[in-house]
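Chain by chain, the residues run as shown.
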There are 2 protein chains.
Amino acid sequence: MNTTDLIGYFSAFLTTLAFVPQAHHSWKTRDLSGVSLPMYAMFSLGVLGWLIYGVMINSWPIIVANSITLVLACVVLYLKVTHRD
Amino acid sequence: MNTTDLIGYFSAFLTTLAFVPQAHHSWKTRDLSGVSLPMYAMFSLGVLGWLIYGVMINSWPIIVANSITLVLACVVLYLKVTHRD
């Protein structure tokens, strides 16, 4: 694997798994007051779009990364929607 | 432009601009208590990686989208780091 690919995979790994600590934090604390609802609504829809795009171009890295991110972003979105300040 | 490309651009648009309401919300309210520091640390580093990847493969869509996301994610990260509950 060349350096360029390595940077790509490393970046994909980080931007995908970044949502693990956020989903965990939101789930555990139920503190959603500083989390933006429009952000997670737009982001979840966008990630769903990426997943559909991945299926259409038959790209497993896009499908796998966005499936994980979609679940995590939807957890935060769900907690935010059901959250009462 | 075919349907596949259209879905790709639409998804890129959403996942990039999703950080506008979050950065705006965090900046305006200074309420960062529900925002995960490890998330924004990992995410900002990952987006920086995507930006470097975009420069290396000379892809303007990747460069533009990730430059915008990097600025917005770094605003949230900065506010979180300097935030006192």
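What this report covers is the structure whose coordinates are included nearby. Here the structure is a predicted model, which is why all the values come from computation and not from measurement.

Cut-offs applied
- Residues numbered from 1 in each chain as written.
- Chains lettered and ligands numbered in written order.
- Predicted model: local features only at pLDDT ≥ 70, side-chain atom pairs only at ≥ 80, totals over all residues.
- Heavy atoms only, no water.
- Helix = DSSP H or I, 4+ residues; strand = E, 2+ residues; numbered from the N terminus.
- Contact = heavy atoms within 4.5 Å.
- Areas by Shrake-Rupley, 256 points an atom, 1.4 Å probe, with all protein chains shown as cover.
- Least-squares fit on C-alpha atoms with pLDDT ≥ 70 in both.
- Buried area = accessible area lost by both parts, 1.4 Å probe.
- Polar contact = N/O pair within 3.5 Å; in protein donor to acceptor, adjacent residues only side chain to side chain.
- Nonpolar A, V, L, I, M, F, W, Y, C, P; charged D, E, K, R; others polar.
- Patch = residues over 30% accessible without salt bridge, like charges linked within 9 Å, V, L, I, M, F, W, Y side chains within 5 Å.
- Salt bridge = Lys/Arg side-chain N within 4 Å of Asp/Glu carboxyl O.
- Buried < 20%, exposed > 50% of the residue type's maximum accessible area, 1.4 Å probe, protein only.

Some points on the overall build of chain A
Secondary structure summary: chain A contains four helices and zero strands in total. Along chain A, helices (α) and strands (β) appear in the sequence α-α-α-α when read from the amino end. In chain A, 67% of the contacts between residues at least 6 apart in sequence involve partners at least 24 apart. Surface summary for chain A: the accessible area is close to 4,500 Å², and the carbon and sulfur share equals 71%.

What about the relation of the copies chain A and chain B?
Aligned on chain B, chain A shows an RMSD of 0.0 Å; the corresponding rotation is 180° and the shift along the axis is 0.0 Å. Taken together, the rotation angle and the small translation identify this as a two-fold axis. Residue Gly34(A) of chain A places its C-alpha closer to the rotation axis than any other residue of that unit, at 2.5 Å.

Quick look at the interface of chain A and chain B
Across the contact, 34 residues belong to chain A and 34 residues belong to chain B. In terms of surface lost to chain B, no three residues of chain A exceed Gly34(A), Met39(A) and Met42(A), which account for 17% of the buried area on that side. Along the contact surface separating chain A from chain B lie 15 residue pairs in polar contact (both at pLDDT 80 or more). Only helix 1 (3–17), helix 2 (19–29) and helix 3 (37–56) of chain A provide two or more residues apiece to the side of chain A that touches chain B. It is helix 3 of chain A that contributes the most residues to the side of chain A that touches chain B, 13 residues altogether. For the side of chain A that touches chain B, a count of residues per class yields 20 nonpolar, 13 polar and one charged.

Observations regarding the side chain of Lys80(B)
Residues and elements named next belong to chain B. Its place among the elements puts Lys80 in helix 4 (residues 60–82). Only 3.0 Å separates the side chain of Lys80 from the backbone oxygen of Val35, close enough to count as a polar contact. Beyond its immediate sequence surroundings of up to four residues, Lys80 is in contact with Leu32, Ser33, Val35 and Leu37.

Describing a nonpolar patch on the surface
Taken together, the side chains of Phe10(A), Leu45(B), Leu48(B), Ile52(B), Met56(B) and Ile57(B) present a nonpolar region at the surface, about 520 Å² in accessible area. Broken down by element, the nonpolar patch gets its largest block of residues, four residues, from helix 3 (residues 37–56) of chain B. The exposure class of Ile57(B) is partly exposed, given its relative accessible area of 40%.

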